[in-house]
Structures are given as structure tokens and as C-alpha cells.
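Listed below, chain by chain, are the residues.
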Amino acid sequence: MMIFIAVNAHANDELLYDCPDINNQHQQTIGQIYQGYDGWFFKDNDFKQNFLLSPNTLDFMRRFHSALLEKNIYLIFLPLVPKSIIAYDKIAHTDQETLNYDDEIVLKSYRDFVQQLRNIGIVVPDLLGALQNYNHNKLDDLMFKIDHHWKPKGALQTAEL
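Note that this is a predicted model, so its numbers are computed, not measured.

1. Here we look at the nonpolar core
Val-81 and Ile-85 are the most contacted members of the largest nonpolar core, which totals 32 residues. For this core, the secondary structure elements donating two or more residues are helix 1 (55–70), helix 2 (83–86), helix 4 (103–119) and helix 5 (127–132).

Okay, structure coming up:
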């Protein structure tokens, strides 16, 4: 199951920029960068594939949440949806193969992670659902194609959620 039903009909399988040093590790200062389609770029940490928490981390989160509740403080955790989930169809096919990246497996892992947190009582707003309901052809209204930051409209939508 894919995240978004509508796919950009104008997307092509060509890279827009000539980046001869994109794989040159001596030129990199923030990690590996991957050029996607339609001018989208991804960082290596955008391709995280396992979001699940270890039993020890889950136990810590449960205890932390309980300690906050004892003081009438409510923990609301908003895990940002990785760019690779939001703009999965912009990832170059060669990079998907090289990284062994499967968007369905990653999506399931992210959803399971959110459910893990909810199962221990932590409030987790449904940012993924909000993004799924957004017009996929206008994702660059919400976030920059070339880095990991939200644009004002995306930051506002996230804050409102």
C-alpha cells in the first residue's frame, strides 16, 4: 500500500541537476546526499528504515511519561515523517535499489513506531494522516525540495496539528 493515491503526472525519471561531486566523500560535510527526481534531494538519514523502539527505550519512555503525568504534565510526541516517506516517488530508482529501500516496509515501521508510543499512553498527533490528505502534487508547498526544513506553510500545518 502506497502512502498517497495521486502521483505527480509530470514527474519524470530524469535528474534535473548535474552534480558531479554528489558521491565524492571528500566534498561532503553533512553526509551522503542523493538526488531524486523533479529537483528533490535526500540526505542519508532520510532513508531510515527501522523506527521501532527497543524494549529498554520503550520502558524508559513509559517511565518518563508516568513521571510527567504525576506532575500533571502531558507528553505529546510528534515524530516528523521522513522526507523519503512523504516524497517516496521522487527517490531515484537506482538509489532505492542501492539502499535496498522499500517504501511499504518503511511506512509500516513508521506506523508501528507511532503505535508503540500510543500503546504506552503517549499522545502522538497524526502528522502522517495530515500529509496523506495533502495534495501530493503540491508537497513542495510544505517542504523544501533541496533540504529537510519545512516551509512556513508546512510548519504552520504541523504546529496546528
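2. Let's talk about the side chain of Lys-83
Structurally, Lys-83 can be placed in helix 2. No salt bridge is formed by the buried Lys-83. Its closest oppositely charged neighbour is Asp-46, at 5.3 Å. Engagement of the side chain of Lys-83 in a polar contact is seen with the backbone oxygen of Lys-145, the distance being 3.0 Å. When neighbours within four sequence positions are excluded, Lys-83 is seen to be in contact with Trp-40, Phe-41, Phe-42, Asp-46, Tyr-88, Met-143, Phe-144, Lys-145, Ile-146, Asp-147 and His-148.

3. A word on the packing of aromatic side chains
Scanning the model with the defined rule gives eight aromatic pairs in all. On the numbers, 5.3 Å between centres and 85° between planes, the contact of Tyr-34 with Phe-47 is edge-to-face. Of this pair, Tyr-34 sits in strand 1 (residues 33–35) while Phe-47 sits in the loop between strand 2 (41–43) and helix 1; the two residues are 13 residues apart in sequence, bridging distant segments of the chain. A centroid spacing of 6.4 Å and a plane angle of 35° characterise the contact between Phe-51 and Phe-113, whose relative ring orientation is tilted. Within this pair, whereas Phe-51 is found in the loop between strand 2 and helix 1, its partner Phe-113 is found in helix 4, the two being separated by 62 residues in sequence. Following the ring pairs from residue to residue traces out a cluster consisting of Tyr-34, Phe-42, Phe-47 and Tyr-101.

4. Structural notes on a nonpolar patch on the surface
On the surface, Leu-78, Leu-80 and Leu-161 cluster together to form a nonpolar patch covering roughly 240 Å² of accessible area. Among the secondary structure elements, Leu-161 is positioned in the segment after helix 6 (152–160).

Parameters and conventions
Residues numbered from 1 in each chain as written. Predicted model: local features only at pLDDT ≥ 70, side-chain atom pairs only at ≥ 80, totals over all residues. Heavy atoms only, no water. Core = buried A, V, L, I, M, F, W, Y, C linked by side-chain atoms within 4.5 Å. Buried < 20%, exposed > 50% of the residue type's maximum accessible area, 1.4 Å probe, protein only. Helix = DSSP H or I, 4+ residues; strand = E, 2+ residues; numbered from the N terminus. Lys, Arg positive; Asp, Glu negative; His and termini not counted. Salt bridge = Lys/Arg side-chain N within 4 Å of Asp/Glu carboxyl O. Polar contact = N/O pair within 3.5 Å; in protein donor to acceptor, adjacent residues only side chain to side chain. Contact = heavy atoms within 4.5 Å. Phe/Tyr/Trp six-rings, centres within 6.5 Å; stacked < 30°, edge-to-face > 60°. Patch = residues over 30% accessible without salt bridge, like charges linked within 9 Å, V, L, I, M, F, W, Y side chains within 5 Å. Areas by Shrake-Rupley, 256 points an atom, 1.4 Å probe, with all protein chains shown as cover.

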